[in-house]
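# Working through the structure, step by step
Given next are the chains, with one letter for each unit.
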Amino acid sequence: MKNLWIYAITLLSLLVLHTASFALDSLRCGSRIVTIGETRASVRAKCGEPADKEVRYEKRIARDFYRDLFPPRGYERQREREKYREPLFVEVFVEIEEWTYNLGPTSFIRYLTFENGRLVSIETGDYGY
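Residues numbered from 1 in each chain as written. Predicted model: local features only at pLDDT ≥ 70, side-chain atom pairs only at ≥ 80, totals over all residues. Heavy atoms only, no water.

### Quick look at the packing of aromatic side chains
Scanning the entire structure with this criterion turns up 3 aromatic pairs. Note on Trp99 and Tyr101: the rings are 6.3 Å apart at their centroids and 65 degrees apart in plane angle, and the pair reads as edge-to-face. Each member of the pair Trp99 and Tyr101 is classed as buried. Ring pairing ties together the aromatic residues Trp99, Tyr101 and Phe114, which thus form one cluster. (Phe/Tyr/Trp six-rings, centres within 6.5 Å; stacked < 30°, edge-to-face > 60°. Buried < 20%, exposed > 50% of the residue type's maximum accessible area, 1.4 Å probe, protein only.)

As C-alpha cells, this is what we get:
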C-alpha cells in the first residue's frame, strides 16, 4: 500500500512538471497552440497579426567544417568524422523578428522571437491593456 502511494505521488509530480514546462514553451491562441520551432506563417495563421513587430539583423560567428584532413576509413558517424576535419569559423547574418501579442487586460502580454523565420522563444510580460 505504501509503495502504491509513492508511485502515485511520483507519477503526479512528473505530470505536473511536464505540464508546467509545456506551458512555458507554448502560447494558446483561442483553441490553437503555438510551440517553439513553428514558422512565422504558422503563428500568424493561428494567432493573427501581432500588436507590434520589430526586425533586426545580428552578425554571429558559426562553426563550420571544410576539407577532410585525414579521415579514417570505416568511420561513418558524423561526430567521429568531425575530429579529423579542420574547423572554419564563418560570419552569418541572422534575421531576428520580435512579435508582441497583447491579449487584453485579463491575460499576459506575450513576446515571440523568431530567428530566420522560426520561433525560438516565447516570453511572458505583464498584464495587457
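### Let's talk about the environment of Arg44
Mapping Arg44 onto the fold places it in helix α2 (residues 40-47). Classification of Arg44 by relative accessible area gives partly exposed; the value is 30%. Between the C-alpha atom of Arg44 and that of Val34, which follows or precedes it by 10 residues, the distance is 9.8 Å. Discounting residues that sit within four places of it in the chain, Arg44 has contacts with Glu49, Lys53 and Trp99. (Helix = DSSP H or I, 4+ residues; strand = E, 2+ residues; numbered from the N terminus. Contact = heavy atoms within 4.5 Å.)

### A few points about the confidence of the model for the protein chain
Confidence in the prediction for the protein chain averages 80 pLDDT; 67% of positions are at 70 or higher. Ranking the elements of the protein chain by mean pLDDT puts helix α3 (residues 78-82) last with 54 and strand β5 (residues 108-115) first with 95. Segment residues 18-23 is flagged for pLDDT under 50; beyond a separation of four residues in sequence, or across chains, it makes 3 contacts in the model. (pLDDT = per-residue confidence, 0-100.)

### As for the nonpolar core
Within the largest apolar cluster, 11 residues are counted, these being Leu27, Cys29, Val34, Val43, Cys47, Trp99, Tyr101, Leu112, Phe114, Leu119 and Ile122. Broken down by secondary-structure element, the contributors of at least two residues to this core are β1 (26-29), α2, β4 (85-101), β5 and β6 (118-127). With residues near it in sequence (within four places) discarded, Val34 still touches Asp25, Ser26, Leu27, Cys29, Val43, Lys46, Cys47, Leu119 and Ile122. (Core = buried A, V, L, I, M, F, W, Y, C linked by side-chain atoms within 4.5 Å.)

### Structural notes on the environment of Tyr129
Within the secondary structure layout, Tyr129 lies in the segment after β6. Judged by its relative accessible area of 75%, Tyr129 falls in the exposed class. A sequence separation of 27 residues divides Tyr129 from Asn102, and the C-alpha atoms of the two residues are 7.3 Å apart. Once residues within four sequence positions are removed from consideration, Tyr129 is found in contact with Asn102, Gly104, Pro105 and Ile109.

### Observations concerning the pattern of salt bridges
Where side chains of opposite charge bring their charged atoms close, a pairing between them can arise. Here the structure, examined in full by the defined rule, presents 10 salt bridges. Between Arg40 and Glu97 there is a salt bridge, and its shortest N-O distance comes to 2.7 Å. Of this pair, Arg40 sits in helix α2 while Glu97 sits in strand β4, placing them 57 residues apart in sequence. Judged by its relative accessible area of 23%, Arg40 falls in the partly exposed class. Accessibility expressed as a relative area gives 8% for Glu97, which makes it buried. (Salt bridge = Lys/Arg side-chain N within 4 Å of Asp/Glu carboxyl O.)

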